[in-house]
Amino acid sequence: MESFNLNATQLKLKGPSIDQIKVHNQWAATALDLYHKDSNAIIEFNIEGEVINANLAWDSNFSKAAMKEEKDMANHGGVALAWFVMSVLQDFNYVEQTEIGEGVDYRFREDEPSDDELNFLDDYHYVEVSGILNESRTNTLKGRIKEKHDQIVRGCQRDKPSSVIVTLFSQPKTVKEIHK
């Protein structure tokens, strides 16, 4: 079984600052700590139908005094796991946030674009991200994945290569599906 540390994102991903990556990772750690002991757990990554079970460790040595809101844990923690999947597991090394109305949250590239490429190339992979702390009758992993695919359909990037990445923190499980 492979072992990973959530902090590996800091070494791989360009675009956001290291501090921004750390904050998202802290939200993810706060969410994971609700369900898992000793800052590690066996996580299931379902990447486009291929299941990878791995030991995931994270840093929990920080103050959680200002990290109480469960919605923020799920949202920002979901971003941390999506960035981890795309950079560490999928080898995309650059991310930018998109704008409201695009139907996706982020766009990834394998390499950081040069100044010449910024305005002319659109060789990004777009990703819609979500997180769920635990499932309920009306809020399931399967339902959230469908909801995120529907959101891509309504956005202006619907014809671009894209995926949905949703994390369920209580299990833990992260699913990445290509949007078709």
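Bear in mind that the values here come from a model prediction, so they are computed numbers and not experimental data.

1. Focus on the overall build of the protein
Argument step 1. Along the backbone of the protein there are 4 helices and 8 strands.
Argument step 2. When the helices and strands of the protein are placed in sequence order, the string is β-α-α-β-β-α-β-β-β-α-β-β.
Argument step 3. Relative to a compact globule of 180 residues, whose C-alpha radius of gyration would be 16 Å, the protein shows 16 Å and is just as compact.
Argument step 4. Judged by the C-alpha coordinates and their principal axes, the protein covers about 45 × 35 × 35 Å.
Argument step 5. When the 180 residues of the protein are sorted by exposure, 48% land in the buried category.
Argument step 6. When the accessible surface of the protein is summed, it comes to about 9,400 Å², and 44% of that surface belongs to carbon and sulfur atoms.
Argument step 7. Each charge sign in the protein was given a centre, from 20 positive and 30 negative side chains, and these centres are 7 Å apart.

2. Notes on the layout of surface pockets
Vacant regions in the atomic arrangement are exposed by a probe of water-molecule size rolled over the atoms.
Argument step 1. Taken as a whole, the largest pocket encloses approximately 300 Å³ of empty space.
Argument step 2. Contributing to the lining of the largest pocket are 21 residues, with N75, V104, D105, E128 and V129 lying nearest its centre.
Argument step 3. Counting only elements with at least two residues in the lining of the largest pocket, the list comes to helix 3 (70-89), strand 6 (125-132) and helix 4 (141-154).
Argument step 4. Of the residues contributing to the lining of the largest pocket, the split by class is 5 nonpolar, 10 polar and 6 charged.

3. Some words on helix 2 (residues 18-33)
Argument step 1. With 16 residues, helix 2 extends 22 Å from end C-alpha to end C-alpha; this agrees with the ideal 22 Å at 1.5 Å per step.
Argument step 2. Among the residues of helix 2, I21, H24, N25, W27, A28, A29, T30, A31 and L32 are the ones counted as buried.
Argument step 3. Looking at the buried side of helix 2, the elements it contacts are helix 1 (8-12) and helix 3.

4. Describing the environment of W83
Argument step 1. On the secondary structure map, W83 appears in helix 3.
Argument step 2. Given a relative accessible area of 2%, W83 falls into the buried group.
Argument step 3. Through-space distance from the C-alpha of W83 to that of A54 is 16 Å; in sequence the pair is 29 residues apart.
Argument step 4. Apart from the residues within four sequence positions on either side, W83 is in contact with T9, L13, P16, Q20, I21, H24, V88, V95, Y106 and F108.

5. A short note on the nonpolar core
Argument step 1. Among the nonpolar cores identified, the biggest contains 37 residues, and F45, L56, L81, W83 and F108 are the most heavily contacted of them.
Argument step 2. With 10 residues, the single largest contributor to this core is helix 3.
Argument step 3. Among residues more than four places away in sequence, those in contact with F45 are E50, V51, I52, A54, L81, F84, V85, L89 and T174.
Argument step 4. Counting 12 residues, the second-largest nonpolar core is a separate cluster that includes Y124, Y126, L141 and I152.

6. Quick notes on the packing of aromatic side chains
Argument step 1. Overall, the coordinates contain 5 aromatic pairs when judged by the stated rule.
Argument step 2. For the pair W83 and Y106, a centre-to-centre distance of 5.4 Å together with 80 degrees between the ring planes defines the contact as edge-to-face. Linking W83 in helix 3 with Y106 in strand 5 (residues 106-109), this pair joins segments that are 23 residues apart in sequence. Y106 shares its class with W83; the two are buried.

Calculation criteria
Residues numbered from 1 in each chain as written. Predicted model: local features only at pLDDT ≥ 70, side-chain atom pairs only at ≥ 80, totals over all residues. Heavy atoms only, no water. Helix = DSSP H or I, 4+ residues; strand = E, 2+ residues; numbered from the N terminus. Rg over C-alpha atoms; globule rule 2.2 N^0.38 Å. Buried < 20%, exposed > 50% of the residue type's maximum accessible area, 1.4 Å probe, protein only. Areas by Shrake-Rupley, 256 points an atom, 1.4 Å probe, with all protein chains shown as cover. Lys, Arg positive; Asp, Glu negative; His and termini not counted. Charge placed at Lys NZ, Arg CZ, Asp CG, Glu CD. 1 Å grid on protein atoms, 1.4 Å probe; cavity = no way out; pocket = protein on both sides within 12 Å on 5 of 7 lines; lining within 4 Å. Points joined across faces, edges and corners; volume = space filled by probe spheres on them. Nonpolar A, V, L, I, M, F, W, Y, C, P; charged D, E, K, R; others polar. Expected span 1.5 Å × (residues − 1). Contact = heavy atoms within 4.5 Å. Core = buried A, V, L, I, M, F, W, Y, C linked by side-chain atoms within 4.5 Å. Phe/Tyr/Trp six-rings, centres within 6.5 Å; stacked < 30°, edge-to-face > 60°.

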